[in-house]
Structure formats: structure tokens, C-alpha cells
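Letter by letter, the chains look like this.
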Amino acid sequence: MTSAPPVAVPPRQSSLLTRTPTSLRSTAHKSQLPIHLRLQNSRLITLWKLSVWHRVQLPVLLASVWATFVWSMHWVGFQGFGGGAAGSLVGILSMVTGLFVSFRSGSSYDRWYEGRRIWASIQSTSRTTLRLLIFSLPPSTAPYSISPHSEAIHELCQIVCAFSVACTRHLRDEFGVSQYPELASLLPPALIAAYPPNGSPPRNLPLLLIRTMHAYLNELKNADAIDGNTWSGCQSGLNAFTDQLTSLERVRDTPIPVILQVHLQLLLLVYIAAVPLQLVRPLGVWSIPATAISSLVFYGVDRAGEELSDPFGTEPNDLPLAKFSADIHAEYLDLAGIPVPSIDGNVAGTSGVTELGSGLGSEKRRESMSLGGAAGKKVE
């Protein structure tokens with residue numbers, strides 16, 4: 001009696017990979033400009049969004065108004081503005097202001113770089129864990145009877161991919177599971193059902209996923225679906241995920257002290273206000289653009305540091321967390337040999353598609369693994 005042929009059960013496709021190609025195609029079809037003009041306009045728009053000018057317009061405008069007032073009073077003959085006292089004040093404040101602004105920008109960039117380094121560690125841990133799990137699968141030409149737990153392994157791989165997405169939502173205080181399509185397309189149905197939209201969301205979804213992955217690993221090891229070396233390597237990956245999650249929370253929850261931020265803003269205000277008092281006599285009306293430029297420089301560095309101090313947000317200069325998560329999922333599909341949608345809508349990388357088994361066992365066992373319980377029971 002012949003056994004049933006292998007059944008290909010590809011994992012659920014994440015919306016992280018399908019939204020970007022569609023948007024690129026729609027933009028290309030709508031625009032009728034030549035390609036070099038589209039690229040030039042795109043660069044200009046990108047530079048505008050990435051620059052700090054849109055964040056310093058108000059301080060520069062107020063400084064220009066103050067400089068105009070100072071020049072007007074000097075022009076009508078009022079002698080109370082300008083002189084050696086203003087020059088001494090600017091000289092004293094310039095050194096202190098430079099030190100504070102340098103400290104602010106340096107500390108902010110350190111936070112931004114630390115966040116990028118931690119995300120690189122998450123990518124490395126995800127790649128290692130996915131590689132171990134994918135290579136624990138039998139070859140696609142193997143008999144169906146020796147691979148009854150392949151779908152469970154692929155579900156575990158998708159939870160690994162969902163960990164980075166959950167970290168993004170957690171760092172932005174965006175709670176919930178089923179509200180976000182990129183999470184719902186990767187997580188097991190039992191886990192999604194445990195947290196309905198109208199219910200209480202998990203406070204720390206990444207930590208919940210680590211527990212769920214631990215339960216999956218124990219179930220697979222007890223069922224002899226993975227060997228001891230794979231189990232040990234994946235457990236090391238879970239420990240690394242825990243450390244990385246804690247490091248991300250440390251960067252998010254340790255901002256620059258408020259007392260230093262307030263003092264820097266007062267120092268900038270006094271310094272910029274003193275600049276036209278010093279320049280109005282030697283430069284005359286040109287003290288107005290000189291004050292505006294000084295305000296743009298100092299406030300620009302300060303606002304740039306403010307934006308970089310929170311690298312996990314949605315500002316243009318923040319870390320591209322969605323891209324990092326999409327890259328991890330795309331690499332999993334490459335490792336598993338699953339076709340990936342391309343820009344033109346065709347399917348790329350169709351060779352070596354893994355044949356997945358459907359003998360996963362009862363729905364009760366799958367629910368117990370998804371919720372992190374009954375980790376010590378044998379797979380039915």
C-alpha cells in the first residue's frame with residue numbers, strides 16, 4: 001500500500017513583503033515625468049524630509065524678529081544695544097553652549113547607534129535560529145512518513161520572524177496582536193485568538209513570543225522532531241533574544257535627563273538673544289541674517305540630537321525597523337525555498353520549494369504550544 005504524496009503547505013505570507021512592491025508599482029504607473037526628473041524630485045523631497053530645517057523654522061523666525069528689532073532700535077539712534085558688554089557675554093556663552101550642544105548631539109547619536117547595534121544582533125540571532133530550524137527539516141524528496149512535524153517547525157520559524165515585529169510595536173507602546181496585519185500573518189491562530197481586539201492585550205508581546213518559542217522547542221524535542229544540538233542552539237538564541245529585548249528597553253527608557261534639556265534650551269535662548277547685540281554695530285542690517293544663521297546652526301544641532309535620541313520612532317531619521325523585520329522574513333523564505341513576490345508581481349526563487357508535511361497532530365496540541373503551556377507533553 002503506497003503512502004500519501006507530500007503535501008506542500010506554505011506558511012502564511014507576511015504583509016511586510018507584499019505592501020512595498022505594490023506601492024512601488026502604483027507610483028511608477030501614475031508618474032508621467034521622465035525618469036531623471038522623477039529621481040531628482042525624489043532626492044529633493046528626501047533631503048527636505050531628512051533635514052532639520054522643518055524643525056527649526058520657528059526658532060529661526062523668532063531670532064530673526066528679535067535681530068530686526070535690535071537693528072531697528074540701533075538705526076533710530078538708541079544706544080542701549082551693542083557694545084563691549086554684549087561681546088563679552090557672547091564670548092563667555094559660546095564656549096559653554098558649544099560644550100552643551102556637543103554633549104547633546106553626541107549622547108543622542110550614541111543612543112541611535114546603540115539601537116542599531118542591538119537590532120543587528122536581533123537579525124544575527126534570527127538568522128542563526130532560522131538556519132538551525134530549517135536544516136532540521138528532512139529533504140523535500142524524503143518520504144512523507146518521516147516528516148509529520150514540518151508545519152510546526154515552520155510555524156516556529158514564523159514566530160521567530162514575528163519577534164522583531166513585536167519588538168517594534170512594543171518599543172512604540174503599540175499594544176495588541178490582531179490589530180496589526182504584519183503580526184497576524186505570522187503568529188499561530190491560537191495565539192491570536194487568545195488576545196482578541198476587544199480584550200486585554202499583552203503588555204510585553206516579545207517576551208510572550210519568547211515563551212511561546214520555548215514551548216514549541218520543548219514539544220518538538222520531546223517528539224524527536226529536532227535533535228539535541230538544534231534544541232541547544234535555539235535555546236541559546238532565545239537567551240540572546242531576552243538580552244536584546246532588555247537592551248532595547250534600556251535605550252528607550254533612559255532618555256537624556258530633563259534637567260539638562262531644560263538648561264540647554266535656556267542657554268541657547270540667552271546665547272542667540274545676545275548675538276545681534278554684539279553684531280548690530282559692526283554689521284548693521286547684516287546682523288539680521290547673521291543671527292538667523294547662528295540660530296539655524298545651534299538649534300539645528302539641538303533638534304537633530306532630539307530626533308536621534310529616540311531611534312525607534314517613526315521620524316524620517318529613525319531606524320527603519322519595518323525594513324529590518326521584512327528582511328528577516330524574506331531571508332526565512334529564501335532559506336525555506338518558498339517563492340517570494342517580486343516587484344513586477346511574478347514569483348521569484350521558485351526552485352527548491354520545501355515539501356511540508358501536514359501531520360501536525362490535534363488542534364489541542366497546537367493550542368497548547370501556541371500559548372506556551374504543556375511544554376513537557378509528547379506530540380500526538
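Here, every reference points to the structure presented above.
The sections below set out a description of the structure shown in this document. Computed from a predicted structure; not experimentally measured.

Details of helix α10 (residues 258–283)
Here α10 is 26 residues long and its end C-alpha atoms lie 37 Å apart, about the 38 Å a rise of 1.5 Å per residue gives. Considered for burial, the residues of α10 that qualify are Leu-264, Leu-267, Leu-268, Tyr-271, Ile-272, Ala-274, Val-275, Pro-276, Leu-277, Leu-279 and Val-280. Positive backbone phi, approximately 70°, marks Gly-284, located one or two places after α10.

Let's talk about the packing of helix α5 (residues 150–171) against helix α8 (residues 205–222)
As a packed pair, α5 and α8 sit with axes 8 Å apart at the nearest point and diverge in direction by 165°. Viewed along their axes, α5 and α8 adopt a mutual orientation that is roughly antiparallel. With respect to the hand of their crossing, α5 and α8 are arranged in left-handed fashion. Across from Ala-152, Ile-153, Glu-155, Leu-156, Ile-159, Val-160, Ala-162, Phe-163, Ala-166, Cys-167 and His-170 in α5, the residues of α8 making contact are Leu-205, Pro-206, Leu-209, Ile-210, Thr-212, Met-213, Tyr-216, Leu-217 and Leu-220. For the contact of α5 with α8, the class distribution of residues is 17 nonpolar, 2 polar and 1 charged.

Side note on the pattern of salt bridges
Tallied over the full model, the rule gives 10 salt bridges. The partner of Asp-302 in a salt bridge is Arg-104, and the shortest N-O contact between them spans 3.5 Å. You can see Asp-302 sitting in helix α11 (residues 287–308) and its partner Arg-104 sitting in helix α4 (residues 84–134), a full 198 residues away along the chain. One salt-bridge network, in which partners are shared between bridges, spans Arg-104, Asp-302 and Arg-303.

Considerations on a nonpolar patch on the surface
Among the surface-exposed residues, Leu-89, Val-258, Val-262, Leu-266, Leu-269 and Val-270 lie close enough to one another that they form a single nonpolar patch of about 530 Å² accessible area. Residue contributions to the nonpolar patch peak at 5 residues, all from α10. When you line up the elements, Val-262 lands in helix α10.

Points about the packing of aromatic side chains
Counted under the stated rule, the structure contains 7 aromatic pairs. Between Tyr-109 and Trp-112, the ring centres sit 5.9 Å apart and the planes meet at 20°, which makes this aromatic pair stacked. Note that Tyr-109 and Trp-112 are positioned in helix α4 at a spacing of 3 residues, about one turn of the helix. Take Trp-112: its relative accessible area is 21%, and that puts it in the partly exposed class. Through successive ring pairs, a cluster of aromatic residues spans Tyr-109, Trp-112 and Tyr-113. The side chain of Arg-203 reaches across the aromatic face of Phe-175, ending 4.3 Å from its centre. Sitting over the ring of Trp-231, Lys-221 keeps its end group 5.6 Å from the ring centre.

Remarks on unusual backbone geometry
At Asp-173, a residue that is not glycine, the phi angle is positive and equals roughly 55°. The topology assignment puts Asp-173 in the loop between α5 and α6 (181–184). The exposure class of Asp-173 is partly exposed, given its relative accessible area of 47%.

Quick notes on the packing of α5 against helix α9 (residues 228–252)
Between two packed helices, both the angle of their axes relative to each other and the distance between the axes serve to describe the pair. Contact geometry for α5 and α9: axes closest at 11 Å, N-to-C directions at 20°. The angle between the axes of α5 and α9 places the two elements in the roughly parallel class. When the axes of α5 and α9 are compared, the crossing they make is right-handed. Where α5 approaches α9, its residues Val-160, Phe-163, Cys-167, His-170 and Leu-171 are matched on the opposing element by Phe-241, Leu-245, Leu-248, Glu-249 and Arg-252.

Overview of the state of the cysteines
Within this structure, the stated rule accounts for 0 disulfides. The thiol sulfur of Cys-161 is not disulfide-bonded, and the nearest other cysteine sulfur, from Cys-157, lies at 7.0 Å. Judged by its relative accessible area of 1%, Cys-161 is buried.

Brief notes about the nonpolar core
Core analysis: the biggest nonpolar cluster contains 52 residues, and Trp-119 and Met-213 have the highest contact counts within it. Breaking this core down by element, the ones donating at least two residues are α4, α5, α7 (189–194), α8, α9 and α12 (321–336). Counting residues per element, this core draws most heavily on α5, at 13 residues. With residues near it in sequence (within four places) discarded, Met-213 still touches Leu-156, Ile-159, Val-160, Phe-163, Leu-238 and Phe-241.

Observations regarding the environment of Thr-125
Tracing the backbone through its elements, the reader meets Thr-125 in helix α4. Residues Thr-125 and Leu-238 lie 113 residues apart in sequence; the distance between their C-alpha atoms is 8.5 Å. If we ignore the near neighbours within four places in the chain, the residues touching Thr-125 are Gly-237, Ala-240, Phe-241 and Gln-244.

Some remarks on the side chain of Glu-114
Along the chain, Glu-114 falls in helix α4. Classification of Glu-114 as buried rests on a relative accessible area of 18%.

So, α12
Here α12 contains 16 residues, and its C-alpha end-to-end distance of 23 Å stays within 8% of the 22 Å for a straight helix at 1.5 Å per residue. Along α12, the residues that are buried comprise Leu-321, Phe-324, Ser-325, Ala-326, Ile-328, His-329, Ala-330, Tyr-332, Leu-333 and Ala-336. Within two residues after α12, Gly-337 carries a phi angle of roughly 75°, on the positive side.

Rules and cut-offs
Residues numbered from 1 in each chain as written. Predicted model: local features only at pLDDT ≥ 70, side-chain atom pairs only at ≥ 80, totals over all residues. Heavy atoms only, no water. Helix = DSSP H or I, 4+ residues; strand = E, 2+ residues; numbered from the N terminus. Expected span 1.5 Å × (residues − 1). Buried < 20%, exposed > 50% of the residue type's maximum accessible area, 1.4 Å probe, protein only. Axes fitted to C-alpha atoms, helices over the stretch in contact; angles between N-to-C directions. Parallel < 35°, antiparallel > 145°, perpendicular 65-115°, else oblique. Left-handed = near helix turned anticlockwise from the far one by under 90°. Contact = heavy atoms within 4.5 Å. Nonpolar A, V, L, I, M, F, W, Y, C, P; charged D, E, K, R; others polar. Salt bridge = Lys/Arg side-chain N within 4 Å of Asp/Glu carboxyl O. Patch = residues over 30% accessible without salt bridge, like charges linked within 9 Å, V, L, I, M, F, W, Y side chains within 5 Å. Areas by Shrake-Rupley, 256 points an atom, 1.4 Å probe, with all protein chains shown as cover. Phe/Tyr/Trp six-rings, centres within 6.5 Å; stacked < 30°, edge-to-face > 60°. Lys NZ or Arg CZ within 6 Å of the ring centre and 35° of its normal. Disulfide = S-S within 2.5 Å. Core = buried A, V, L, I, M, F, W, Y, C linked by side-chain atoms within 4.5 Å.

Any functional reading would require information that these geometric values do not contain.
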